Amino acid sequence: MTVDDERTTIRVGGESGYDVVVGRGVIAELGDALGSAVKKVLVVHPATLGARAAALRESLSDRFEVLLAEVPDAEAGKRVEVAAFCWQVLGQADFTRTDAVVGFGGGAITDLAGFVAATWLRGVRVVQVPSTVLGMVDAAVGGKTGINTNEGKNLVGVFHPPAAVLCDLDVLDTLPKNEILAGFAEIVKAGFIRYPEILDLVEADVDVATDPTTPEFRRVVELAIQMKADVVSEDLTEQGLREILNYGHTLGHAVEHAERYQWRHGAAVAVGMMFAAELGRLSGRLSDEVADRHRRVLDLLSLPTSYPVGRWNTLLATMQRDKKSRAGQLRFIVLDDLAKPTVMQAPDQSLLFAAYQEIGS
């Protein structure tokens, strides 16, 4: 991590290494990130960023031919029909392998833009410009792209690392507070599995930690990105270490599916982390102190920590066909202690049920 007053650069290593730049005004570096070989650029964005996308096009127009693709926001945009619309735009504009896609929006938009870039001509350059906390610390970093199907979330996708990720904190200043808090689920996840300093900062003063104008906010964002960069650098395609990033996600994705994606991702992951904490506690791995800290931190962030007890069978069925299930066996990331994640494979269903009862409402 290279830090100065204006910007922080976090390197994601591996065969297709790239930089994640965090700071204010860093969106101005987009032209350089796209590179001199690129002639045409497709900016994929939601309607809410229409004016900013138009301004972005104007700022790039002296160097590139820039097209805009306005798509539905959130999970509604992660559908094959939306991807097909983007492919149509690329085809009609004669995009070649030396052209590029920009994902400008939240995590769902960057997931979609990455998938479109990965599949057009078997892979073109993509630069991600996330506009939400969740996008910055999770979705835009790591090279996972994907769309949803009726059967589940992100079941269709490909690993396609971006050329760069520009996390411009200026775009967060107008975000509603609940949107910022929802993104903090992934930041807190990084605190539990790698950097407890994040938890300390949230507990010290949650208002300061969640205010985009403070040094504390920038610090927790950078730590969360650094955690993901460390993991992805070692394991791009989730053959080993990267699986720890699924902490809270196995149940969390099932909650999202049960709610027809009307819940924010962070809210669902918060419930999933509570479940993982109880699973760790009941299996004798995790102390009461660390398990209870999950509830305390998530409560500070006004994130949910329970889910209706009568929904268990539905959630279990969804988890069993989720992509995190291997050879029909469920796998959960749990903690042996703070910052010590491990895999629990094929836990007994009675243990799963008992852990769910602890978070049932």
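Everything below is about the structure printed above this text.
If you're wondering where the values come from, they're calculated on a predicted model, not measured in any experiment. (Residues numbered from 1 in each chain as written. Predicted model: local features only at pLDDT ≥ 70, side-chain atom pairs only at ≥ 80, totals over all residues. Heavy atoms only, no water.)

Caption draft 1: Molecular detail of the environment of V343. Tracing the sequence through the fold places V343 in strand β12 (residues 340-345). For the pair formed by V343 and G240, sequence separation is 103 residues and the distance between their alpha carbons is 9.9 Å. (Helix = DSSP H or I, 4+ residues; strand = E, 2+ residues; numbered from the N terminus.)

Caption draft 2: Expanded view of unusual backbone geometry. One non-glycine residue, R122, lies in positive phi territory at about 65°. Looking at where R122 falls in the secondary structure, it is placed in the loop between α4 (107-119) and β7 (125-130). A residue is classified by how much of its surface remains accessible, and R122, at 76% relative accessible area, is exposed. A positive phi angle, near 50°, is found at R260, a position not held by glycine. Within the fold, R260 resides in the loop between α10 (249-258) and α11 (265-282). (Buried < 20%, exposed > 50% of the residue type's maximum accessible area, 1.4 Å probe, protein only.)

Caption draft 3: Structural detail: the pairing of β12. As judged from the six bridges shared by strand β11 (residues 331-337) and β12, these two strands associate in the antiparallel manner. Note that in β12 the partner of I333 across the bridge is V343. (Pairing = 2+ DSSP bridges.)

Caption draft 4: Layout of the side chain of T210. Among the structural elements, T210 can be located in the loop between α8 (206-209) and α9 (215-234). Note on T210: relative accessible area 1%, which makes it buried. Residues contacting T210, with those up to four places away along its chain left out, are K177, I180, L181, F184, F217 and L301. (Contact = heavy atoms within 4.5 Å.)

Caption draft 5: Here's a closer look at the packing of α10 against α11. Remark: α10 packs on α11, axes separated minimally by 7 Å, with the N-to-C direction vectors making an angle of 135°. Relative to α11, the element α10 lies oblique. Helix-helix and strand crossings are classified by hand; for α10 and α11 the assignment is right-handed. Side by side, α10 and α11 meet where H249, L251, G252, H253, V255 and E256 of the first sit next to H265, A268, V269, V271, G272 and F275 of the second. (Axes fitted to C-alpha atoms, helices over the stretch in contact; angles between N-to-C directions. Parallel < 35°, antiparallel > 145°, perpendicular 65-115°, else oblique. Left-handed = near helix turned anticlockwise from the far one by under 90°.)

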